[in-house]
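# Inside the fold
Residue strings, one per chain:
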2 protein chains.
Amino acid sequence: MPASPSSTAHSPAQRPARDRILDAFAELLGEQSERAATLDAVAARAGVSKGGLLYHFASKDALVDGLLERLRASVADDVERMRTAPDGPVDYFIRTSIATATPESQEFERSIVAVARLAQGADERARDALAAMQHDWLGVLEEAVGDPVVARTIMLLGDGIYYNTALLPSGSGVLSEPADLERLLELVHRLAARD
Amino acid sequence: MPASPSSTAHSPAQRPARDRILDAFAELLGEQSERAATLDAVAARAGVSKGGLLYHFASKDALVDGLLERLRASVADDVERMRTAPDGPVDYFIRTSIATATPESQEFERSIVAVARLAQGADERARDALAAMQHDWLGVLEEAVGDPVVARTIMLLGDGIYYNTALLPSGSGVLSEPADLERLLELVHRLAARD
DNA sequence: GTCTATATCGCGATAGAC
DNA sequence: GTCTATCGCGATATAGAC
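Per an unreviewed UniProt entry, chain A is named TetR/AcrR family transcriptional regulator, and its organism is Leifsonia williamsii.

Here it is, written out as structure tokens:
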């Protein structure tokens, strides 16, 4: 029930300023660093002035809140996709830890990396948001594999992959070969198999 | 061949200012954040004035270099301990990823966390130092388990543990129960076993 | 809604006394 | 070798025009 069908999708230029600002903030956090994500830099990348930015987000704290809310919404969607994934939650979790394709999951990834950067900067709210995300993921994994320690092991593996691919862009190509990813998945499923 | 034997060990008050400054820098980075580790804060914690700090380290860059050099030395020691560990490199690696006891390894941990924070802040040298450390670890693991993908899997697991315990002090107790750690080690060794 | 000032503050770094 | 004092810059945030 879209109020105005023609406005449910936006070309880049039409995308609301509020969204463009959050995009710019997340991108600067992810591609550069927390220090680089100044109000000036965010405003410039979003194509507004600093004053324009501060009309939509009255302070930098409000900007952070906007990003956290966006993350929470993406987490809810992702958990749902994880639950209903054709090859099961474990396969979905490991695969999406290493790389993604769809536009929604790319925005999700950007949000995670951005919030992780804020968490490193000692932002308590950001840490809580990440902890809540991990809690939700772990719940689905436990449901899928039964054994809590195995579920935790798989999640630690996913965290390690994420830490290397997304948070340390040194990118020595952690699992660059597709065949390596398949072998890793095989190892993980062997872990999950009851004996 | 110590020049003055009585000065090879220092009580906290006697510990050279240079070392105290590096300690303070690493602690502030680890316990708080990159932003909190200002020259003023480092000087205050080390018990010197800002001018005193800048006598030993002429710039903040020099301070970072000092920390990186300290990390490199610790890595060399750790790799040696890993190679000669009684229960093998894999056991050593996983156990020391989760928690440590000896004073040297505590300084090592603090250095890793501190440098990881700098790497998140887009410091190229810090990223290179972490990449070199991982490269060394991976070499020992590959030597121990034979299979490169298994070795990489174990390292990703260790990275995940580290990321949760050290970098996200949300500390929901990733593997709080000692019995859980033993089960995790059992799972890892099952991974490493050839079949 | 978005802009251009501008106020205020904290940081890194320098100068020079002791 | 360590201190105090100060400069210059960049960041957040405010005020007010359009």
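Next up on the list: the relation of the copies chain A and chain B. Once turned by 180 degrees and shifted 0.0 Å along the axis, chain A lies on chain B with an RMSD of 0.1 Å. Viewed as a symmetry operation, the transformation between the two copies matches a two-fold axis. Ranked by how close their C-alpha atoms come to the rotation axis, the residues of chain A are headed by Gly160 of chain A, at 1.9 Å. Interface residue correspondence from chain A to chain B reaches 98%, placing this contact among same-surface, isologous pairings.

What surrounds DNA strand C is the set Val48, Ser49, Gly51, Gly52, Tyr55 and His56 of chain A together with Thr38, Leu39, Lys50, Leu54, Ser59 and Lys60 of chain B. Within 4 Å of the protein, the contacting atoms of DNA strand C are drawn from sugar and phosphate to the extent of 59%. Between DNA strand C and Ser49 of chain A, the relevant distance is 2.4 Å, taken from a phosphate oxygen to a main-chain nitrogen or oxygen of the residue. Contact distances for DNA strand C include 3.5 Å between a phosphate oxygen and a side-chain N or O atom of Tyr55 of chain A. Secondary-structure elements contributing two or more residues to the surface near DNA strand C are helix 3 (50-56) of chain A together with helix 3 (50-56) of chain B. When residues in the surface near DNA strand C are grouped by element, the largest group, 4 residues, is from helix 3 of chain A. Of the residues in the surface near DNA strand C, the class split is 4 nonpolar, 6 polar and 2 charged.

Conventions adopted
Residues numbered from 1 in each chain as written. Chains lettered and ligands numbered in written order. Predicted model: local features only at pLDDT ≥ 70, side-chain atom pairs only at ≥ 80, totals over all residues. Heavy atoms only, no water. Least-squares fit on C-alpha atoms with pLDDT ≥ 70 in both. Contact = heavy atoms within 4.5 Å. Near = heavy atom within 4 Å. Polar contact = N/O pair within 3.5 Å; in protein donor to acceptor, adjacent residues only side chain to side chain. Helix = DSSP H or I, 4+ residues; strand = E, 2+ residues; numbered from the N terminus. Nonpolar A, V, L, I, M, F, W, Y, C, P; charged D, E, K, R; others polar.

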